[in-house]
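Okay, here's what each chain looks like letter by letter:
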Amino acid sequence: ANQLRYPPSHTHYFSCVMLYLFGEAKEDAVKEQITRVLLERLIVHRPHPWGLLITFIELIKNQRYKFWSYSFTRCATEIEKVFESVARSCMPPGSQRPVVGDEPPH
């Protein structure tokens, strides 16, 4: 996550790598580890690096990753509140957390 900084191609590459690893990982522990690393950097004081925000927003909004369906996002009430708080602070106004199982509009 240290490579997720400002908008050049280097940042785009590492963002794609992180998202690819999350999407293709067979074990939830790998997905949880990737999420933990991103979240650790998002819960510190702002400003957050551009690439970190873009990567996390893509992870939570893109239905391909099914982020909210993993048990580690709701293993404890406190953890779920942290995820929702970070998601609210990263997402533009009017966006909301997708409900697990909902299909995106066509």
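The text that follows walks through the structure, step by step, so that each part is easy to find. (Residues numbered from 1 in each chain as written. Predicted model: local features only at pLDDT ≥ 70, side-chain atom pairs only at ≥ 80, totals over all residues. Heavy atoms only, no water.)

## Examining the overall build of the chain
If you tally the helices and strands in the chain, you get four helices and zero strands. By the burial criterion, 31% of the 106 residues in the chain qualify as buried. Here the analysis covers contacts within the chain between residues at least 6 apart in sequence; of these, 59% occur between residues at least 24 apart. Summing over all exposed atoms, the chain offers an accessible surface of approximately 7000 Å²; the carbon and sulfur share of this is 57%. (Helix = DSSP H or I, 4+ residues; strand = E, 2+ residues; numbered from the N terminus. Buried < 20%, exposed > 50% of the residue type's maximum accessible area, 1.4 Å probe, protein only. Contact = heavy atoms within 4.5 Å. Areas by Shrake-Rupley, 256 points an atom, 1.4 Å probe, with all protein chains shown as cover.)

## Here's the deal with the packing of aromatic side chains
Across all of its chains, the model carries eight aromatic pairs by this definition. Here Phe 22 and Tyr 65 contribute two aromatic rings whose centre-to-centre distance is 6.2 Å and whose plane-to-plane angle is 75°, an arrangement assigned as edge-to-face. On the criterion of sequence distance, the pair formed by Phe 22 in helix α1 (residues 9–24) and Tyr 65 in the loop between α3 (50–61) and α4 (77–90) is long-range, its members being 43 residues apart. These aromatic residues form a ring-pair network of at least three members: Phe 22, Phe 56, Tyr 65, Phe 67, Trp 68, Tyr 70 and Phe 72. Just above the ring of Phe 22 sits the side chain of Lys 31; from NZ or CZ to the centre is 5.4 Å. (Phe/Tyr/Trp six-rings, centres within 6.5 Å; stacked < 30°, edge-to-face > 60°. Lys NZ or Arg CZ within 6 Å of the ring centre and 35° of its normal.)

## Section: the nonpolar core
One finds Phe 22, Leu 38, Phe 56, Leu 59, Ile 60, Phe 67 and Trp 68 to be the most contacted residues of the largest nonpolar core, which totals 19 residues. Elements with a minimum of two residues in this core: α1, α2 (28–42), α3 and α4. Dropping the residues within four chain positions of it, Phe 22 is found in contact with Lys 31, Ile 34, Thr 35, Leu 59, Tyr 65, Phe 67, Tyr 70 and Phe 72. (Core = buried A, V, L, I, M, F, W, Y, C linked by side-chain atoms within 4.5 Å.)

## What about the packing of α2 against α3?
The geometry of α2 relative to α3 is characterised by a closest axis approach of 11 Å and an angle of 130° between their N-to-C directions. By the angle between their axes, α2 is oblique relative to α3. In this structure, α2 meets α3 at a crossing whose hand is left-handed. Of the residues in α3, those touching α2 at Thr 35, Leu 38, Arg 41 and Leu 42 are Leu 52, Leu 53, Thr 55, Phe 56 and Leu 59. Its residues placed into classes, the contact of α2 with α3 shows six nonpolar, two polar and one charged. (Axes fitted to C-alpha atoms, helices over the stretch in contact; angles between N-to-C directions. Parallel < 35°, antiparallel > 145°, perpendicular 65-115°, else oblique. Left-handed = near helix turned anticlockwise from the far one by under 90°. Nonpolar A, V, L, I, M, F, W, Y, C, P; charged D, E, K, R; others polar.)

## Details of the packing of α1 against α2
In a packed pair of helices, the relevant descriptors are the angle between the two axes and the axis-to-axis distance. Two elements in contact, α1 and α2, have axes whose closest approach is 8 Å; the angle formed by their N-to-C orientations is 145°. Here Met 18, Leu 21, Phe 22 and Gly 23 of α1 come into contact with α2, specifically with Lys 31, Ile 34, Thr 35 and Leu 38. In the contact of α1 with α2, the residues fall into five nonpolar, two polar and one charged.

## Overview of the pattern of salt bridges
If you walk through the whole model with that rule in mind, you get two salt bridges. For Glu 40, the salt bridge identified is with Arg 36, shortest N-O distance 2.3 Å. Taken together, the residues span about one helical turn, with Glu 40 and Arg 36 both in helix α2 at a distance of four residues. Assessed through its relative accessible area of 38%, Arg 36 is described here as partly exposed. (Salt bridge = Lys/Arg side-chain N within 4 Å of Asp/Glu carboxyl O.)

## Considering α1
With 16 residues, α1 should reach 22 Å at 1.5 Å per residue; the first-to-last C-alpha distance of 22 Å fits that figure. Turning to α1, its buried residues are Thr 11, Ser 15, Met 18, Leu 19 and Phe 22. Taken around the axis of α1, the buried residues stretch over an arc of 95°, which confines them to a single face. Those residues of α1 that are exposed and angled more than 90 degrees off the buried face are Ser 9, Tyr 13 and Tyr 20. Along its buried surface, α1 packs onto α2 and α3. (Expected span 1.5 Å × (residues − 1). Arc of directions from axis to C-beta.)

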